[in-house]
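# Geometric and topological summary
Next come the chains, spelled out residue by residue.
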Amino acid sequence: MTLYLRHYWKDERLAFPSATNKSMTFDGRLVKKIWVPDVFFVHSKRSFIHDTTTDNIMLRVFPDGHVLYSLRVTVTAACNMDFSRFPLDSQTCTLELESYAYTDEDLMLYWKSGDESLSTDDRISLSQFLIQKFHTTSRLAFYSSTGWYNRLYINFTLRRHIFFFLLQTYFPATLMVMLSWVSFWIDRRAVPARVSLGITTVLTMSTIITGVNASMPRVSYIKAVDIYLWVSFVFVFLSVLEYAAVNYLTTVRDGKDRKLREKLKEQSQTLPCTCGMPHTKTMMLDGMYSEADANSLAGYTRASMAAEDPSDKQEQMVVHLTLDNESTETKKKGIRSFRIIQNTHTIDTYSRMIFPGAYILFNLIYWCVYC
């Protein structure tokens, strides 16, 4: 921060007679010839007095010996911050002033007008923070080797602007999670489409997390933005695992369906003659299939059912199925379209509701806790 640091004190040695009671103003050359307070910034990492075009120092002496000593200083000071609520956080930074050589027995420092001693330009604004308030305090500081010193404090309360992080972090992460849900509406047999969509969203979330952490101090605790990004990453990753489960179950049921069709094809070759029955076909099913399974076959209506042999009654049964009065081409299409596995898997159907609902619930809890 850049500030005008003004000191006030009275040195009777500098008093002078004046008929008009007007003060006298001097530049920095006189400072080296009189006594001035040796104030420094305690936690300063770097500070300097501006010297363009000359040293920005002003000394004003009044006839009764009062002195005003002003200088323009830029200070880079340390501020201990807690990022556990970042970027929805507020920080309190302190600028501390203290005499370097004089203890409290030699020099007393105090604010001339309390909080009114501080004044800022209303046009001053920070890119990341909003200055909510500032106030002054003073207390003694103890050093074991030198003693007690007066210390003045300027306390700034800063609140971080959230809009930048909404655009750069929260909105992209939310959109990636929503994009991962698109795979629930894609045909489960479209493996390249769903796998590429899942991998793309996972890699994008990893890039967002890496970019946020690259601009942050390496702290050992979890930040608020970490919670949001990692939960979003988990949702994206679970959508990939969801398709892995769907694909595995589809493969298993396709295998069972293929074996069933092969068994039906083999058994249809051993059916008894049904001569004289127009538009009739016969299928033999193992005894493990129920009557409801036989009735559910698409494209057929049940005509009759009879057992071949009483000894084989528990093993197999003959089902006579009469075709509807349709064209031969329609009959073939009906046979080919017979499927046990439906196109929309149950897991995808439930995921369309569970994933958005859970993510909305997480957002409600997150913003209620941190805002």
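The protein goes by GABA(C) receptor in an unreviewed UniProt entry, where it is assigned to Poecilia latipinna. In UniProt, the protein has this text filed under Subcellular location (unreviewed entry): "Postsynaptic cell membrane". Per its UniProt entry, the protein bears the Catalytic activity (unreviewed entry) comment "chloride(in) = chloride(out)".

### A few points about the overall build of the protein
Along its length, the protein carries six helices and 12 strands. Per-residue burial for the protein yields a buried fraction of 36% across its 371 residues. Sequence separation of at least 24 residues holds for 73% of the intrachain contacts in the protein that already meet a minimum separation of 6. Carbon and sulfur atoms make up 57% of the accessible area of the protein, which totals about 23,700 Å².

### A few points about the side chain of serine 351
Along the chain, serine 351 falls in helix 6 (residues 346-370). Only 2.7 Å separates the side chain of serine 351 from the backbone oxygen of isoleucine 347, close enough to count as a polar contact. With residues near it in sequence (within four places) discarded, serine 351 still touches Phe184, Glu242 and Pro356.

### Things to note about the state of the cysteines
Within this structure, the stated rule accounts for one disulfide. What pairs with cysteine 79 in a disulfide is cysteine 93, and their sulfur atoms sit 2.0 Å apart. The disulfide joining cysteine 79 to cysteine 93 has a torsion of about -85 degrees about its S-S bond and is therefore left-handed. Separated by 14 residues along the polypeptide, cysteine 79 in the loop between strand 6 (66-77) and strand 7 (90-99) and cysteine 93 in strand 7 bring together distant segments of the chain. According to the relative accessible area criterion, cysteine 93 is buried, its value standing at 12%.

### Observations concerning the pattern of salt bridges
Going through the model one piece at a time under the given rule, you end up with 11 salt bridges. For aspartate 226, the salt bridge goes to lysine 223, with nearest N and O atoms at 2.9 Å. We note that aspartate 226, like lysine 223, is buried. A network of salt bridges, in which partner residues are shared, links Glu96, Glu98 and Arg151.

### What to know about the UniProt feature "transmembrane region" (unreviewed entry) in the protein
Following the UniProt record, one finds the feature "transmembrane region" (unreviewed entry) at residues 162-183, 195-215 and 227-249. Within the segment residues 162-183, helix and strand shares are 82% and 0% respectively, and the terminal C-alpha atoms sit 31 Å apart. In residues 227-249, helix accounts for 100% and strand for 0%; the two terminal C-alpha atoms are 33 Å from one another.

### A look at a positive patch on the surface
A contiguous patch of positive charge, built from Arg253, Lys256, Arg258 and Lys259, is present on the exposed surface. When you line up the elements, arginine 253 lands in helix 3 (residues 224-268). Look at arginine 253 and you get partly exposed, because its relative accessible area is 40%.

### A short note on helix 1 (residues 163-180)
Every α-helix winds through 3.6 residues per turn, so residues three or four apart in the chain are directed the same way. Counted at 1.5 Å a residue, the expected span for helix 1 with its 18 residues is 26 Å, and the 25 Å between its end C-alpha atoms agrees. The sharpest bend along helix 1 reaches about 35 degrees and sits at tyrosine 170, with the proline proline 172 one to four residues further on. Among the residues making up helix 1, those that are buried are Phe165, Leu166, Thr169, Tyr170, Ala173, Thr174, Met176, Val177 and Ser180.

### Brief notes about the nonpolar core
Of all hydrophobic cores here, the largest spans 29 residues; its most connected members are Tyr170, Met205, Tyr228, Leu229, Tyr359 and Tyr366. Of all the secondary-structure elements, those providing two or more residues to this core are helix 1, helix 2 (191-214), helix 3 and helix 6. Counting residues per element, this core draws most heavily on helix 3, at seven residues. Built from parts of two domains, this core gets at least three residues from each of domain 2 (80-160) and domain 3 (164-256 + 355-370). Aside from chain neighbours lying at most four places away, what touches tyrosine 366 is Leu88, Tyr170, Ala224, Val225, Ile227 and Tyr228. Ranked by size, the runner-up nonpolar core spans 27 residues in total, among them Phe41, Val75, Leu97 and Leu152.

### Overview of the sheet that holds strand 7
Across the sheet, which stays open at both edges, the four strands sit in the order 3-7-9-8 with antiparallel pairing between neighbours. Edge positions in the sheet fall to strand 3 (39-41) and strand 8 (129-143), since each of these pairs with one other strand and no more. Neighbour-to-neighbour, the strand axes of the sheet open up by a mean angle of 25 degrees, direction not taken into account. The sheet contact formed by strand 3 and strand 7 spans three bridges and is antiparallel. Of the residues in strand 7, the one forming a bridge with phenylalanine 41 is leucine 97.

### Observations concerning the packing of helix 1 against helix 2
The geometry of helix 1 relative to helix 2 is characterised by a closest axis approach of 9 Å and an angle of 165 degrees between their N-to-C directions. Taken as axis vectors, helix 1 and helix 2 run roughly antiparallel relative to one another. Pair helix 1 / helix 2 crosses with left-handed handedness. Packed against helix 1, whose contacting residues are Thr169, Pro172, Ala173, Met176, Leu179 and Ser180, the element helix 2 presents Leu197, Thr201, Thr204, Met205, Ile208 and Val212 at the interface. Within the contact of helix 1 with helix 2, the residues separate by chemical class into eight nonpolar, four polar and no charged.

Reading the values: the criteria
Residues numbered from 1 in each chain as written. Predicted model: local features only at pLDDT ≥ 70, side-chain atom pairs only at ≥ 80, totals over all residues. Heavy atoms only, no water. UniProt positions renumbered as here; feature names shortened; annotations may be inferred. Helix = DSSP H or I, 4+ residues; strand = E, 2+ residues; numbered from the N terminus. Buried < 20%, exposed > 50% of the residue type's maximum accessible area, 1.4 Å probe, protein only. Contact = heavy atoms within 4.5 Å. Areas by Shrake-Rupley, 256 points an atom, 1.4 Å probe, with all protein chains shown as cover. Polar contact = N/O pair within 3.5 Å; in protein donor to acceptor, adjacent residues only side chain to side chain. Disulfide = S-S within 2.5 Å. Salt bridge = Lys/Arg side-chain N within 4 Å of Asp/Glu carboxyl O. Patch = residues over 30% accessible without salt bridge, like charges linked within 9 Å, V, L, I, M, F, W, Y side chains within 5 Å. Lys, Arg positive; Asp, Glu negative; His and termini not counted. Charge placed at Lys NZ, Arg CZ, Asp CG, Glu CD. Expected span 1.5 Å × (residues − 1). Bend = angle between axes of the 7 residues up to and from the residue. Core = buried A, V, L, I, M, F, W, Y, C linked by side-chain atoms within 4.5 Å. Domains from an automatic or database assignment. Pairing = 2+ DSSP bridges. Axes fitted to C-alpha atoms, helices over the stretch in contact; angles between N-to-C directions. Parallel < 35°, antiparallel > 145°, perpendicular 65-115°, else oblique. Left-handed = near helix turned anticlockwise from the far one by under 90°. Nonpolar A, V, L, I, M, F, W, Y, C, P; charged D, E, K, R; others polar.

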